[in-house]
Amino acid sequence: MADVTLANITKTYGDTTALADVSLTIPDGAFVVLLGPTGAGKTTTLRMVAGLDKPDRGDILIHGRSMQGRTPAQRDVAMVFQQYSLYPHLTVRENLEFPLKSPILRTPRDVITRKVAEVAEVLQIAHKLDNKATALSGGEMQRVSIGRALVRDPAIYLMDEPLSSLDAKLRSDLRIELKRIQSSMGATLLYVTHDQVEAMTMATHVGVLDHGRLVQFGTPRQIYEHPVSLYAASRLGTPKINVLPADLFGGSPAGAKSIGLRPEHIALGQGLPASVQRVEHLGDQTRLHLKLGVHDILTLADPHTPLTSGDTVSIQPRDALYFDASGARL
Ligand SMILES: Nc1ncnc2c1ncn2[C@@H]1O[C@H](COP(=O)(O)OP(=O)(O)OP(=O)(O)O)[C@@H](O)[C@H]1O
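Residues numbered from 1 in each chain as written. Predicted model: local features only at pLDDT ≥ 70, side-chain atom pairs only at ≥ 80, totals over all residues.

The protein chain appears in an unreviewed UniProt entry as ATP-binding cassette domain-containing protein from Pseudooceanicola spongiae. According to UniProt, the comment filed for the protein chain under the heading Sequence similarities (unreviewed entry) is "Belongs to the ABC transporter superfamily." (UniProt positions renumbered as here; feature names shortened; annotations may be inferred.)

If you want it as structure tokens, here you go:
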């Protein structure tokens, strides 16, 4: 495995700037998750590292070596796409063995057999090894795609929403497995997702992209607790951060336009009266939907809360985040 650096990467497609001067170092053994809405530049970043596309400016360094002019094969990266890409005429075993049979790797037969067995076990596809790839469900095919990357030991794994097509149970199983594999192998990963639970649970670092710019890079905790902007604050956390006028509760700092309150940063029992619109019992958490004047606010309550819709409850902020008119954190 290796550390990977993006140095001042800019990429445009016609009039669209997909990446604007992005610099970022993925430390050896890190699990870096890129977050951002559609079109933010996440996939483009992966394609740059993989060598599937060339930057207009800037360079990619793997282990300190420039990747300019190097093909994807020469870069020693393993990529998993959102949509599975398997050889349909081969069996699952043959698909998993394929990357190891590359003449560059010259992997011994017994190592191939062991690696394929290990990966098949982890991905819960051991019983399907002799099936043709076409005789699998979508979720199984995606697991084989992930497996084809995991049998290798590349400089970096690049994964583009690899779990998004799987059902919830499998997604949460594989989330845990991927994290376990990454920690135990010391693997370096660059991973794109829309799912913030994946980001919060798997990432050692999160990169927040906004229209091709990297606006924050840090641990998930740093970004959750110390976001640089309203935009970065809104990328992490379910339910989402509440954004309200800064002066709603009084006491806002000079220049503040809005106050950002995470659901757990609203104290019940004192402060301004809000009406309870709805109480949602989700099992692991209870959500209170409140209305304060014209503003909708979502907070969390004790699972055994006696509150029901129509009640009034007093609320006040604690640990508020303040933002100026441009959305920058104060
Ligand atoms: N081959 C291409 N030709 C033209 N425009 C492109 C191309 N690839 C990407 N873009 C544009 O570059 C921008 C960044 O795209 P990118 O696919 O990196 O975003 P993304 O963050 O991965 O989004 P999504 O979550 O939808 O996958 C978008 O505006 C997209 O339309």
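## With respect to the domain arrangement of the protein chain
Looking at the assigned domains, one finds that the protein chain contains domain 1 (4-228) and domain 2 (242-323). Taken over C-alpha atoms, the centre of domain 1 sits 38 Å from the centre of domain 2. (Domains from an automatic or database assignment.)

## Some words on unusual backbone geometry
The step from T238 to P239 runs through a cis peptide bond, and the omega angle for that step is -5 degrees. For P239, the position within the fold is in the loop between helix 9 (230-235) and strand 11 (242-245). Phi at H211 is positive, roughly 45 degrees, even though this residue is not glycine. Mapping H211 onto the fold places it in the loop between strand 9 (205-210) and strand 10 (213-218). Here H211 falls in the partly exposed class, since 16 other C-beta atoms lie within 10 Å of it. At D319, a residue that is not glycine, the phi angle is positive and equals roughly 55 degrees. Relative to the assigned elements, D319 resides in the loop between strand 16 (312-317) and strand 17 (321-323). The exposure class of D319 is exposed, given the 11 C-beta atoms found within 10 Å. (Helix = DSSP H or I, 4+ residues; strand = E, 2+ residues; numbered from the N terminus. Buried ≥ 20, exposed ≤ 12 C-beta atoms within 10 Å, placed from the backbone.)

## Brief notes about the sheet that holds strand 16
With respect to topology, four strands assemble into an open sheet ordered 15-14-13-16, the strand pairing being antiparallel. If you trace the sheet from one side to the other, it starts and ends with strand 15 (295-301) and strand 16, each paired once. Within this sheet the neighbouring strands show an average axis-to-axis angle of 50 degrees, counted without direction. (Pairing = 2+ DSSP bridges. Axes fitted to C-alpha atoms, helices over the stretch in contact; angles between N-to-C directions.)

## A word on the sheet that holds strand 6 (residues 77-80)
The strand order across the open sheet built from six strands is 6-7-8-3-9-10, with neighbouring strands paired in mixed fashion. Two strands close off the open sheet at either side, each with one partner strand: strand 6 and strand 10. In this sheet, neighbouring strand axes are inclined to one another by 15 degrees on average, regardless of whether the strands run parallel or antiparallel. As paired strands, strand 6 and strand 7 (residues 156-160) are joined by four bridges and run parallel to one another. Paired with M79 across the strands is L158, a residue of strand 7. Taken strand by strand, helix 5 (residues 138-150) contacts strand 6 and strand 7, and its axis lies near 175 degrees from that of strand 6. (Contact = placed C-beta atoms within 7 Å.)

## Let's talk about the site of the ligand
In the vicinity of the ligand, the contacting residues are Y13, T16, A18, G36, T38, G39, A40, G41, K42, T43 and T44. Of all the elements in the fold, those that place two or more residues in the shell around the ligand are strand 2 (16-26) and helix 1 (42-50). When its residues are assigned to classes, the shell around the ligand shows three nonpolar, seven polar and one charged. (Near = placed C-beta within 6 Å. Nonpolar A, V, L, I, M, F, W, Y, C, P; charged D, E, K, R; others polar.)

## Brief notes about the nonpolar core
V32, V33, V49, I156, L158, L189 and L190 are the most contacted members of the largest nonpolar core, which has 81 residues in total. Counting residues domain by domain, this core receives three or more from each of domain 1 (4-228) and domain 2 (242-323). Apart from residues lying up to four places away in sequence, L190 is in contact with I26, V32, L46, V49, I156 and L158. (Core = buried A, V, L, I, M, F, W, Y, C linked by C-beta atoms within 7 Å.)

## Digging into the pairing of strand 14 (residues 286-292)
One face of the sheet, then the other: side chains in a regular strand alternate in exactly this way. Two strands pair when backbone bridges link them, and strand 13 (residues 266-281) and strand 14 are joined in this way by six bridges, in the antiparallel orientation. Its bridge partner being in strand 14, V279 is matched across the sheet by L288. From the end of strand 13 to the start of strand 14, which pair antiparallel, there are four residues, and G283 there has a positive phi angle of about 95 degrees. Taking the residues between adjacent antiparallel strands as the criterion, strand 14 and strand 15 are bridged by two residues, where G293 takes a positive phi near 60 degrees.

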